[in-house]
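Analysis of the macromolecular model
Here's the letter readout for the chains.
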Amino acid sequence: MSTDATADRISEVSQKFGISPEDYMLPARHMINLLDPDGTLRPQDQQGTEPGHEYPLPSPARLMEAYSALVTGRRVNDQNSALVRQGRMAVYPSSHGQEACQVAAALCLEDGDWLFPTYRDTVAVLTKGVAPMEVMTSFRGEWHCGYDPKAYNCAPMATPLTTQLLHAVGVAHAAKLRGENTVVVAMCGDGATSEGDFHEALNFAAVFNLPVIFFVQNNKYAISVPFSQQSAAPSLAHKAVGYGMAGERVDGNDLMALMSVMTRAVRLAREGNGPLLIEAHTYRMQAHTNADDDKRYREDAEVIEWKAKDPVTRMQAYLDDAGLLTEEAAAKITEAAEAVAKDLRDGMNQDANTDPRELFEHVFSTKTPQLAEQQALLVDELDREEA
Amino acid sequence: MTTTSQVNPNVSDATARAAAQAAAKNQPVTFGKALNTALADALTAEKSVVIFGEDVGTLGGVFRITDGLTARFGNERCFDTPLAESGIVGMAVGMAMNGMRPVIEMQFDAFAYPAFEQINSHVAKMRNRTQGRLPLPMVIRIPYAGGVGGVEHHCDSSEAYYSHTPGLKVFTPSTVADAYLMLREAIDSEDPVIFFEPKKLYWSKEQVDLEALAAEYEARKAAKTEGVARIARAGKDATLITYGPSVSVAMEAAKLAAEEGISLEVVDIRTIVPFDDETVSASVRKTGRAIVVAEAQGFASVASEIVARVQERCFHSLAAPVLRVTGFDIPFPAPTLEKYNLPSAERILDTLDQLQWEA
């Protein structure tokens, strides 16, 4: 692996698009945006696309599938926030307002591809196919991630910021060494781009020419710190060229644009053109978690402004106008979302079945003598308590 | 040593080769060569083993421990990475998640600190937070400790940080045979292993037949080293409990003590995690006196932990408090001053005098 090889494949793919290597790596001049906030399809010359950065509209069937996941995602966010208020969940970092990003990150992948989510990406994990109660296991205060990452090709949601991007690089690297055609989507937020691991992950992915899509949801806040204090860069997507990879900016509340941008990114990566950096502009509509008070650091007016750009109503309006969202289709979609919400209510209303004896089971492949001793101590305490 | 072919030029080629091999087997082997051979043998035995890090490819590592591996096994099995320790460990986590057995090198002890978050929050915890579904079989090799005249940031004994983290195994060999066997075991372990290589031992030589050792290991006939302390020298008057770079110092002290008529037992614990309480306790119960010898600074150290464990288990057998000979609680000194900080045989013997001997 050498930088020469990296330069060669950038040069090759840019030639395919008939543009210079610089124009291939640099994001299009404008953010990719296919739908207006009111759901109107923007005129083609105002979509931000340009030669080498073409984004065809997804098929109606694909849009309906994505919209259904979007509606479920919104329902799940709001159901979980309610469950936290009722004391049935310990904590929930809601992605309310970011559901279009969540859905696109999972749906752009094919079977066998991997997703690396953060703690705010529950809807993406759900969309990847993980059962609702399994997704939310850690948020009800249990000690493990709840699902089998290998069964779903979905990593445990990462809490330490940005560390998971390097794991994504490693999964892609292992697959490449075995000659497998696996693509990996690695998610993070704007705050995470300040971490050193962000830099190391992008650099490693580019140097080893790995099929990883770094998908940054720029939701404008890292808990309370606004993006302006996070970075002086006018655009995160433009950081791509500094690593020798392609970047793109997309309206993160425009599901149609996201689906098109992410699908193209996955295709380019799968074809061996190396990693890509996608920055989605979106907004965290609610506080960081239920334990946070966002009134201390932002104005209501700002939140209201973003409410008008909501991803769900935008997509709904488009599908309505296009005649795709029949009454019957809409009812089915609502029904599916309600079924997931009910699943969560029923599950969360049952007490978690945790056994403290299990705490010692998965520290090592086999218990050390010291752990066996400590477990015996706890078991003895519990036995005496129960006696 | 003269080979048969030199004595008699008429012997057949095969005989000459056999004789040359026999001669090679009797050559002393360095600690570094044993590690290098273990890596090569692991690459041969298991195709999921991959080696990477800074300068480990073409150069063969700054200590040449990966010498010749890229040439022999190819750039996909042993390769250089960008200069970023968190990146190296983080990528290894992902590779281990996806079926590989990464063996990675941190160039020096103190240069591993940028990777601490990856090691502490992910390498150590992935098995646990996935209920055993994502084990991370990987080895992080760290050349460590002083005694080589290294400049600042090149001589740390950082084993306590890793030993304190649940989910990590911590190995540190002190002999040439152990260098080979323990590295093979570490690579075959289903758990992540922090593998501390005392850098002052890299050039030390012993008469070891690595080929025979390899055959024994692969036939599963080699005695296990993980969690099994080694009695490096048997004795009856007091026990020196030690590991890694301090084993040779303890052995020297035992030799000097013997000249004064004191019989010291030296226990090389080999693996800090898992810890062999049984062997250590048995030795101390037998001798009734103990000193822990370790190069790391003593405060809140592995040596402290060993002292605590010994007094918890052997209190009624002890004739004196368990003492420690460790590095001072200061940043590791410059090359010209390191000898004042390192545990020495003399300091061990002075400490031995304090073990409340009856007149």
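On a predicted model such as this, the values are computed, not experimentally measured, just so you know. (Residues numbered from 1 in each chain as written. Chains lettered and ligands numbered in written order. Predicted model: local features only at pLDDT ≥ 70, side-chain atom pairs only at ≥ 80, totals over all residues. Heavy atoms only, no water.)

1. Some details on the overall build of chain B
Rules: Strands are runs of DSSP state E lasting at least two residues, helices are runs of H or I lasting at least four, and both sets are numbered from the N terminus onward. For the radius of gyration, the atoms used are the C-alpha atoms, and the globule rule reads 2.2 Å times the number of residues raised to 0.38. For every residue, the accessible area (1.4 Å probe, protein chains only) is compared with the maximum for its type, and the residue is labelled buried under 20%, exposed over 50%, or partly exposed between those bounds.
Each helix and strand counted, chain B has 15 helices and 14 strands in total. Taken over C-alpha atoms, the radius of gyration comes to 21 Å for chain B, in line with the 21 Å a tight globule of 359 residues would show. Along the longest, intermediate and shortest principal axes, the C-alpha atoms of chain B span 65 × 60 × 40 Å. Counting every position in chain B, which comprises 359 residues, the buried fraction comes to 59%.

2. So, the nonpolar core
Considering soluble globular proteins, one finds that nonpolar side chains tend to be buried as a cluster. Using the following cut-off: Buried Ala, Val, Leu, Ile, Met, Phe, Trp, Tyr and Cys residues form a nonpolar core when they are joined through side-chain atoms within 4.5 Å.
If you look at the biggest cluster of nonpolar residues, it comprises 91 residues, and the most contacted ones within it are Phe214(A) and Met97(B). Ala69(A), Val76(A), Val261(A) and Met315(A) belong to the second largest nonpolar core, which has 76 residues in total.

3. A word on the domain arrangement of chain A
Defined as follows: Residue ranges labeled as domains rest on an automatic or database domain assignment.
The domain architecture assigned to chain A consists of domain 1 (3-354) and domain 2 (355-387). Taken over C-alpha atoms, the centre of domain 1 of chain A sits 40 Å from the centre of domain 2 of chain A.

4. Here's the deal with the state of the cysteines
All names here are of chain A. Rules: Whenever a pair of cysteine sulfur atoms sits within 2.5 Å, that pair is classed as a disulfide.
Scanning the entire structure with this criterion turns up 0 disulfides over all chains. Left without a disulfide partner, Cys 108 is nearest to the cysteine sulfur of Cys 101, which lies 11 Å away. The class of Cys 108 is buried, set by a relative accessible area of 6%. Cys 154 takes part in no disulfide bond, and the closest cysteine sulfur, belonging to Cys 145, lies 8.8 Å away. On the accessibility criterion, Cys 154 (0% relative accessible area) is buried.

5. Observations concerning the pattern of salt bridges
In a structure, side chains of opposite charge can pair up when their charged atoms sit close to one another. Keep this limit in mind: The rule for a salt bridge is simple: a side-chain nitrogen of Lys or Arg has to be within 4 Å of a carboxyl oxygen of Asp or Glu.
By the definition in use, this model includes 38 salt bridges over all chains. Of the charged contacts in the structure, one is a salt bridge between Asp346(A) and Lys342(A), with a shortest N-O distance of 2.7 Å. Here Asp346(A) pairs with Lys342(A), and both are found in helix H15 (residues 327-348), just 4 residues apart, close to one helical turn. Look at Lys342(A) and you get partly exposed, because its relative accessible area is 44%. In this structure, the salt-bridge partner of Lys199(B) is Asp109(B), at a minimum N-O distance of 2.7 Å. Here Asp109(B) lies in the loop between strand E4 (101-105) and helix H6 (116-123) and Lys199(B) lies in the loop between strand E7 (193-198) and strand E8 (205-206), a separation of 90 residues in the sequence. Asp109(B) carries the same exposure label as Lys199(B), and that label is buried.

6. Concerning the UniProt feature "domain: Transketolase-like pyrimidine-binding" (unreviewed entry) in chain B
Definition in use: UniProt positions are given in the numbering used here, feature names are shortened, and annotations may be inferred rather than shown by experiment.
Taking the UniProt record as the reference, the feature "domain: Transketolase-like pyrimidine-binding" (unreviewed entry) is found at residues 29-204 of chain B. Across residues 29-204 of chain B, helical content stands at 36% and strand content at 17%; the span's end C-alpha atoms are separated by 8 Å.

7. Quick notes on helix H13 (residues 302-314) of chain B
Residues and elements named next belong to chain B. Stated precisely, the cut-off is as follows: For a helix, the expected span equals 1.5 Å multiplied by the number of residues minus one. Arc, as used here, means the arc of the directions from the helix axis to the C-beta atoms. By the criterion applied in these results, polar contacts are pairs of N or O atoms within 3.5 Å in which, for protein atoms, one can donate a hydrogen and the other can accept it, and in which residues neighboring in sequence qualify only through two side-chain atoms.
For H13, which comprises 13 residues, the first-to-last C-alpha distance of 18 Å matches the rise-based estimate of 18 Å (1.5 Å per residue) to within 8%. Among the residues of H13, those classed as buried are Val 302, Ala 303, Ile 306, Val 307, Arg 309, Val 310 and Cys 314. End-on view of H13: buried residues confined to an arc of 165°, all on one side of the axis. Here H13 starts with a cap whose side-chain oxygen sits 3.2 Å from the backbone nitrogen of Ala 303, and that cap is Ser 301.

8. Observations concerning the packing of aromatic side chains
To be explicit about the condition: A pair of aromatic rings is counted whenever rings of Phe, Tyr or Trp (Trp by its six-membered ring) have centres within 6.5 Å, and the orientation is called stacked for planes under 30 degrees apart, edge-to-face for over 60 and tilted otherwise. Remark: a charge is flagged as sitting over a ring if the NZ atom of Lys or the CZ atom of Arg is within 6 Å of the ring centre and within 35 degrees of the ring normal.
Evaluated as defined, the whole model comprises 22 aromatic pairs over all chains. Here the aromatic cluster, defined as three or more aromatic residues joined through ring pairs, consists of Phe31(B), Phe63(B), Phe108(B), Phe111(B), Tyr202(B) and Trp203(B). Over the ring of Tyr221(A) we find Arg298(A); its NZ or CZ atom is 5.2 Å from the centre of that ring. Over the ring of Trp306(A) we find Lys309(A), and its NZ or CZ is 4.0 Å from the ring centre.

9. Some points on the sheet that holds strand E1 (residues 114-116) of chain A
All names here are of chain A. Heads up, the condition is: Two strands form a pair only when DSSP identifies at least two bridges running between them. An axis is simply a line fitted to the C-alpha atoms; with a helix, the fit covers only the stretch in contact. Between two such axes, the angle follows the N-to-C directions and lies from 0 to 180 degrees. Residue contacts are counted whenever heavy atoms from the two residues lie within 4.5 Å of one another.
What the 5 strands build is an open sheet, ordered E1-E2-E3-E7-E6; its pairing is parallel. Strands with a single pairing partner mark the edges of an open sheet, and in this sheet they are E1 and strand E6 (246-251). For this sheet, the mean angle separating the axes of adjacent strands, direction not counted, is 20°. The strands touched by helix H4 (residues 99-107) are E1, strand E2 (184-189), strand E3 (212-218) and strand E7 (276-281); relative to E3, the strand with the most contacts, the crossing angle is about 175°.

10. As for a negative patch on the surface
All names here are of chain B. As a reminder, the rule being used: Each patch is built from residues lacking any salt bridge and having more than 30% relative accessible area; the joining distance is 9 Å for like charges and 5 Å for nonpolar side chains (Val, Leu, Ile, Met, Phe, Trp, Tyr). Shrake-Rupley sampling with a 1.4 Å probe provides the accessible areas, and residues are treated as covered by the protein chains on show and by no other component. Charge counting treats Lys and Arg as positive and Asp and Glu as negative, with His and both chain ends excluded. For the purpose of locating charges, the reference atoms are NZ of Lys, CZ of Arg, CG of Asp and CD of Glu.
On the surface, Glu 252, Glu 259, Glu 260, Glu 346, Asp 350 and Asp 353 cluster together into a patch of negative charge. Counting residues per element, the ones that place at least two in the negative patch are helix H11 (247-259) and helix H15 (345-353). The element best represented in the negative patch is H15, accounting for 3 residues. With a relative accessible area of 47%, Glu 346 lands in the partly exposed category.

11. Observations regarding the domain arrangement of chain B
Residues and elements named next belong to chain B. Stated formally: The term buried area denotes the loss of accessible surface (1.4 Å probe radius) that occurs when two parts are joined, taken as the sum for both partners. Following the grouping adopted for this structure description, the nonpolar residues are Ala, Val, Leu, Ile, Met, Phe, Trp, Tyr, Cys and Pro, the charged ones are Asp, Glu, Lys and Arg, and the polar ones are all others, Gly among them.
Domain boundaries in chain B define domain 1 (26-218) and domain 2 (230-353). Look at where the C-alpha atoms of domain 1 and domain 2 centre, and you get two points 26 Å apart. Facing the 28 residues of domain 1 at the interface are 23 residues of domain 2. Carbon and sulfur atoms make up 58% of the area that domain 1 and domain 2 hide from each other, which totals about 1800 Å². A salt bridge links Asp 178 to Arg 230; the shortest N-O distance between them is 3.8 Å. Secondary structure elements with two or more residues in the side of domain 1 that touches domain 2: helix H8 (159-163), strand E6 (169-171) and helix H9 (176-188). With 4 residues, the top contributor of residues to the side of domain 1 that touches domain 2 is H8. Tallied by class, residues from the side of domain 1 that touches domain 2 come to 14 nonpolar, 9 polar and 5 charged.

12. Things to note about the sheet that holds strand E10 (residues 238-242) of chain B
All names here are of chain B. Spatial strand order, E9-E11-E10-E13-E14: 5 strands in an open sheet with mixed pairing. Of all the strands in the sheet, the pair left with one neighbour each is strand E9 (230-233) and strand E14 (323-327). Geometrically, the sheet is characterised by an average inter-axis angle of 25° between neighbouring strands, direction not taken into account. Sheet topology note: the E9/strand E11 (residues 264-268) ladder contains 3 bridges and is antiparallel. Its bridge partner lying in E11, Arg 233 is registered against Val 266.

13. So, the pairing of E7(A)
Two faces belong to every sheet, and in a regular strand the side chains alternate between them. All names here are of chain A. Going by this rule: Throughout, right-handed denotes a crossover for which the path from the first strand over the helix to the second runs clockwise when the strands point away from the viewer.
Burial analysis of E7 places 6 of its 6 residues in the buried class, which makes it a mostly covered element. Along E7, one buried face is formed by Leu 276, Ile 278 and Ala 280 and the opposite face, lined by Leu 277, Glu 279 and His 281, is buried too. Pairing geometry for E3 and E7, over 6 bridges, is parallel. Within E7, the position partnered with Val 216 by the bridge is Glu 279. A crossover connection joins E6 to the parallel E7 through helix H12 (residues 255-270); in handedness this β-α-β unit is right-handed.

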